[in-house]
Every structure is written in C-alpha cells, then in structure tokens.
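One-letter residues, chain by chain:
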Amino acid sequence: TIDEKLSQLEELRKENEALRIQLGVVREDNISPKKLLLAHVLSTSRFFVIDKGADDGVVAGQTVFFKNVFICKITTVSGKVSRVKLTTEFDSNTYGKTKETGALGLARGQGDSMVFSEVILSENIKAGDSVQTVGNVDEKGVGILPNLVIGATQNVRKSGNQLFWEATLVPAIDYQKLEEVFVAL
C-alpha cells in the first residue's frame, strides 16, 4: 500500500541522514573500519539490545558508537540481535586519554556514572577535559576504535591512595535517548 511505501521511504531517509552524519565523523577522525552497520536500539537499561547479530556480521568485541561518541562494545551475539555493554556498567573498563593533554587513564563504569582513574600525578588534567578512547583493535579488526569521545571530566581529585588523579566522567551522550547506533565491522 501507499502507507507502507511512505513508511519505508521515511525509514530510508532517516538511515541515509544517519549515514551522512556518520561518514562525516569517520572522515574527520580518520576512523576507517571496513564497514559501518546501522543498528536500531530495541531496548535500553544498563545495556542495549540492538537489532543486528551474527547474521549481519556482528561479533563480540566490536565497537558501538553514535556520531563520534563511544557507546561501548558488543558483548553477546545471537543470530538477529546483540547485547551492547554501556560505558557506565560496573565491569566496563576502557583505556582513555584527554584530548587536551593526552593524559592516559582508565574510564571505569560505576553503574549509573563513570570515573576516569589511574591518571599519574605528573599528568595535567582539569575539569572539563574531553576523554577519548585510546583504541585497541586486534589483527582481525575487532576491538575499540581510537579517538571516540567517552565523556568530560568533573571534580578532579587525588585518588584514595593519593597516587593518582581521578575525576568523575560525565558521559558525552544520554544513552537512554539513542534510537540508532553504529557497529564498526
């Protein structure tokens, strides 16, 4: 019917626009995975379920992102759907660096928030610094892509043992509002 065709056309228009936005980010940040796969978020909580799985070439460990923002990685894959761990999950640990000074640290999930920790005291970090992924991709091209935004630092302080800097890390995006994401195949 004509309503079905209009609905399909609108869906294609949205996908085309999302791809245009994403390709601009890809060129800008020199991220060049073999393929980007647009996925729809089916459910959100402390993790995502997306509508792409092994049948679409998705494997555990692949990077999931939106625009230039790191969402996290694929953890579990079935034929048609996949589970995506969010950076705020308790067992989520991602090596990061500040865009401003290159200070290295670990972005650790705290449940509903994140901490940028284990930054050596000789490094310079301050509130408002942008933290990006360092990147860790294996020989098969699976892993975390570099230079994706994780979040921004707040409340910079010395760690409990006084050996490192740590800061509250505010996510760069409201995960619960995302309807579409990209998987780097």
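Presented here is an overview of the structure given in this document. Treat the numbers as computed from the prediction; the structure is a model and nothing was measured.

Description of the side chain of Glu166
At step 1: As for its placement among the helices and strands, Glu166 is situated in strand 13 (residues 164-171).
At step 2: On the basis of relative accessibility, which here comes to 18%, the residue Glu166 falls in the buried class.
At step 3: Apart from residues lying up to four places away in sequence, Glu166 is in contact with Val115, Phe116, Ser117, Asn155, Val156, Arg157 and Ser159.

So, the pattern of salt bridges
At step 1: Under the counting rule described, the total for this entry stands at five salt bridges.
At step 2: For the salt bridge of Arg83 with Glu89, the shortest nitrogen-to-oxygen distance reads 3.4 Å.
At step 3: By relative accessible area, which is 8% here, Glu89 ends up buried.
At step 4: Between Lys126 and Asp129 there is a salt bridge, with its nearest N and O atoms 3.0 Å apart.
At step 5: Residue Asp129 is classed as buried on the basis of its relative accessible area of 2%.

Here's the deal with the environment of Glu118
At step 1: If you trace the backbone, Glu118 turns up in strand 8 (residues 114-120).
At step 2: What makes Glu118 partly exposed here is its relative accessible area of 45%.
At step 3: If near-sequence neighbours (up to four positions away) are discounted, Glu118 is found in contact with Leu104, Gly105, Leu106, Phe164 and Trp165.

Observations concerning the nonpolar core
At step 1: Membership of the largest hydrophobic core comes to 39 residues, with the highest contact counts inside it found for Phe48, Ile50, Ile71, Val181 and Val183.
At step 2: Taken together, the elements giving at least two residues each to this core come down to strand 1 (36-44), strand 2 (47-50), strand 3 (63-66), strand 4 (69-77), strand 5 (82-86), strand 8 and strand 14 (180-184).
At step 3: Excluding anything up to four places from it in sequence, Val181 contacts Leu37, Leu38, Ala39, Val41, Phe48, Ile50, Val64, Phe65, Phe66 and Ile71.

Examining a nonpolar patch on the surface
At step 1: The grouping of Ile2, Leu6 and Leu9 at the surface amounts to a nonpolar patch, some 340 Å² of accessible area in total.
At step 2: Counting through the fold element by element, Leu9 comes out in helix 1 (residues 2-29).

So, the packing of aromatic side chains
At step 1: The tally for this structure, following the rule as stated, stands at one aromatic pair.
At step 2: Residues Phe65 and Phe182 carry aromatic rings whose centres are separated by 6.5 Å and whose planes lie at 35 degrees to one another, so their mutual orientation is tilted. Of the two residues, Phe65 sits in strand 3 while Phe182 sits in strand 14, which places them 117 residues apart along the sequence.
At step 3: With a relative accessible area of 0%, Phe65 lands in the buried category.
At step 4: Arg83 extends its terminal NZ or CZ atom over the ring of Phe47, reaching a point 3.9 Å from the ring centre.

Criteria and cut-off values
- Residues numbered from 1 in each chain as written.
- Predicted model: local features only at pLDDT ≥ 70, side-chain atom pairs only at ≥ 80, totals over all residues.
- Heavy atoms only, no water.
- Helix = DSSP H or I, 4+ residues; strand = E, 2+ residues; numbered from the N terminus.
- Buried < 20%, exposed > 50% of the residue type's maximum accessible area, 1.4 Å probe, protein only.
- Contact = heavy atoms within 4.5 Å.
- Salt bridge = Lys/Arg side-chain N within 4 Å of Asp/Glu carboxyl O.
- Core = buried A, V, L, I, M, F, W, Y, C linked by side-chain atoms within 4.5 Å.
- Patch = residues over 30% accessible without salt bridge, like charges linked within 9 Å, V, L, I, M, F, W, Y side chains within 5 Å.
- Areas by Shrake-Rupley, 256 points an atom, 1.4 Å probe, with all protein chains shown as cover.
- Phe/Tyr/Trp six-rings, centres within 6.5 Å; stacked < 30°, edge-to-face > 60°.
- Lys NZ or Arg CZ within 6 Å of the ring centre and 35° of its normal.

Just geometry here; none of it tells us what the structure is for.
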